[in-house]
Amino acid sequence: MLKSACRCISNFAAYSPRHHHRKKRDWRGEKVWSDLIMAEKGKVCVTGAGGYVASWVVKLLLSKGYIVHGTVELMEPAVKGTLNVLKACTEAKVKRVVVVSSGSAVMRNPRWPKGKVKDETCWSDKEYCRTTENWYCLSKTEAETEALEYAKKSGLDVVRVCPTLVLGPILQSTINASSLVLIKLLKEGYESLENKHRMIVDARDVAEALLLAYEQPEAEGRYICTAHMIKMQDLVENLRSIYPYYNYPKNFTEGEETENLSSEKLQRLGWNYRPLEETLVDSIKSYKEAGILD
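Summary of the structure given here. Predicted model only: the values in this text are computed from it and were never measured.

Thoughts on the side chain of Thr-164
In this fold, Thr-164 is placed in the loop between β5 (157–163) and β6 (165–167). Given the relative accessible area of 11%, Thr-164 is considered buried. Among the polar contacts listed, one links the side chain of Thr-164 to the backbone oxygen of Met-199, at a separation of 2.9 Å. Here the side chain of Thr-164 touches Thr-226 through a polar contact of 2.8 Å, side chain to side chain. The contact partners of Thr-164, leaving out residues within four places of it in the chain, are Gly-103, Met-107, Met-199, Ile-200, Val-201, Cys-225, Thr-226 and Leu-261.

What follows is the structure in C-alpha cells.
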C-alpha cells in the first residue's frame, strides 16, 4: 500500500488501485466518484487522523464506504510539511489532493476594499502578517501559496479548503486550540474581553466540505468554509441563554470591524451548514462527556 496524505493536521488525499491483483506498491491512483458502489469507493489516506477535524473526516469517510488509512504525523513547519505531502502524492500518482488551509490565509489583507465581502480571491498579506507579528496567519498563507505553486508546476490536482474558527463536538479527550476558545468563554470569567467578530463553522460541516471537494468533479481551486459571523458579546449572550450558570466575561470593549468571508463558492458545490445553536449545544455536551466541563 502506497501512502498519500495531507496537511499536518487534517488534509487528506484519496487514491484507488485500478487493479486489485497488482503487487503491493504497483498501482496507479484514480479518482473515485460517489455514485460507485461502496465496495468500489477506494482508499483515502488521512494524515493527522487523530486530530480534531481529521477525526470527523475519518468518521464521515467510513460512513460513506471508503477504506480509510490514517496516519499520525509529527508536527512540522507548515510549508515543509505541506510540500512533503504533495511530493509524496505526486510519487504515488494521486489524482486529487484536498488540502486544509485556513481562513487565516484569507482575512489579513489591509488593502482589501473596506466593506467588501472577502472571497477566494483575497489572500492575507504576508508583509502585513510579518509587521504585525501574526505568525500563525503568515505560516498558513505561505503553506497554501506553496501548495498552489507546487500544483501549477507538477500538474497535481490540489483543492484547498479554508475553514474559519472550527467548533463542534470533539471525538477525542484532548482539547484542541479552537475548542479552547469556547471553553475559556465558559470558564475563565474574564474581567474584560474584546468584542471582536468570530467566524464559526462546525467541524462536521468542515468534514462534509472536504468530502465534497474530493468527490465533485467540478471542484477546483480554493474554497472558503465558514458559516456564522458573530460578535463575542452576542456569542456569550447566546450561550448564557442556554447555560446561565457558567463563568462568563464580565465586560466587553469595542473590537475592530471585520469584513465577512463568503462561502458562496462552496455552497454552489452543494455544501450547507447547521445552525449555530446546534454547534454550541453539541460542543458543550461533548466537553461534559469528556470531563472538560462540569
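Comments concerning helix α8 (residues 232–242)
Met-232, Leu-235, Val-236 and Leu-239 are the residues of α8 that are buried. Buried residues in α8, looked at end-on, bunch into an arc of 100°, giving them a common side.

Thoughts on the sheet that holds β6
With respect to topology, three strands assemble into an open sheet ordered β6-β8-β10, the strand pairing being mixed. Looking at strand neighbours, the two that pair on one side only are β6 and β10 (228–231), the edges of this open sheet. Pairwise comparison of adjacent strand axes, ignoring direction, gives a mean angle of 45° for this sheet. Taken together, the four bridges between strand β8 (residues 197–202) and β10 define a ladder with antiparallel strand orientation. When the sheet's bridge partners are listed, Met-199 is paired in β10 with Met-229. Against the sheet, helix α6 (residues 177–187) engages β6 and β8, with an angle of about 75° to β6.

Focus on the environment of Ala-213
Mapped onto the elements of the fold, Ala-213 is located in helix α7 (residues 203–215). For Ala-213, a relative accessible area of 0% translates into the label buried. Spatially, the C-alpha atom of Ala-213 lies 9.1 Å from that of Val-97, the residues being 116 residues apart in sequence.

Re the pairing of strand β3 (residues 67–71)
In this structure, strand β2 (residues 43–47) lies alongside β3, joined through five bridges in parallel fashion. Paired with Val-44 across the bridge in β3 is Val-68. Read as a crossover between parallel neighbours, the route from β2 over helix α1 (residues 52–63) to β3 is right-handed.

What about the nonpolar core?
Within soluble globular proteins, side chains that are nonpolar tend to cluster in buried spots. If you look at the biggest cluster of nonpolar residues, it comprises 58 residues, and the most contacted ones within it are Val-46 and Leu-239. Top element by residues in this core is α7. It accounts for nine residues. The residues contacting Leu-239, other than those within four sequence positions of it, are Leu-182, Leu-185, Leu-186, Tyr-248, Leu-280 and Ile-284.

Side note on the packing of α8 against helix α10 (residues 276–289)
Orientation of α8 relative to α10, taken along the N-to-C sense of each, is 60°, at an axis distance of 11 Å. Classified by the interaxial angle, the pair formed by α8 and α10 is oblique. As α8 packs across α10, the resulting crossing turns out to be right-handed. Note on element contacts: α10 touches α8 through Leu-276, Glu-277, Leu-280, Val-281 and Ile-284, opposite Leu-235, Asn-238, Leu-239 and Ile-242.

Side note on the pattern of salt bridges
On inspection of all chains with the given rule, the structure shows 17 salt bridges. Of the charged contacts in the structure, one is a salt bridge between Glu-220 and Lys-265, with a shortest N-O distance of 3.2 Å. Here the residue Glu-220 occupies a position in the loop between α7 and β9 (222–225), and Lys-265 occupies one in helix α9 (residues 264–268), the gap between them amounting to 45 residues. Within the structure, one salt-bridge network assembled from shared partners comprises Asp-202, Arg-204, Asp-205, Arg-274, Glu-278 and Asp-282.

Criteria and thresholds
Numbers given to residues run from 1 along each chain, matching the order in which its sequence is written. Owing to the predicted nature of the model, reporting of local features is limited to residues with pLDDT of at least 70; listing and counting of side-chain atom pairs is limited to 80 or more, with chain, interface and lining totals taken over all residues. To get the side-chain values, all heavy atoms of the structure are used, and hydrogens and water are removed first. Helix and strand definitions here come from DSSP, where helices need a minimum of 4 consecutive H or I residues and strands a minimum of 2 consecutive E residues; each element is numbered from the N-terminal end. When a residue's accessible area, from a 1.4 Å probe over protein chains only, is under 20% of the maximum for its type it is buried; when over 50% it is exposed; and in between it is partly exposed. Two N or O atoms form a polar contact when they lie within 3.5 Å of each other; inside protein one atom must be a possible hydrogen donor and the other a possible acceptor, and for residues adjacent in sequence the pair counts only when both atoms belong to side chains. Contacts: residue pairs with any heavy atoms within 4.5 Å of one another. An arc is given here, and it is the one of the directions from the helix axis to the C-beta atoms. Each pair of strands is called paired provided DSSP finds at least two bridges between the two strands. To get an axis, a line is fitted to the C-alpha atoms, and for a helix only the part in contact is used. The angle between two axes follows their N-to-C directions and goes from 0 to 180 degrees. By definition, the crossover connecting two strands over a helix is right-handed if that path, from the first strand to the second, turns clockwise as seen with the strands pointing away from the viewer. Side-chain atoms within 4.5 Å link the members of a nonpolar core, which is a set of buried Ala, Val, Leu, Ile, Met, Phe, Trp, Tyr and Cys residues. An angle below 35 degrees is treated as roughly parallel, one above 145 as roughly antiparallel, one from 65 to 115 as roughly perpendicular, and anything else as oblique. Left-handed is the label given to a crossing in which the near helix is rotated counterclockwise from the far helix by less than a right angle, and right-handed is the label when the rotation is clockwise. Should a side-chain nitrogen of Lys or Arg be within 4 Å of a carboxyl oxygen of Asp or Glu, the pair is scored as a salt bridge.

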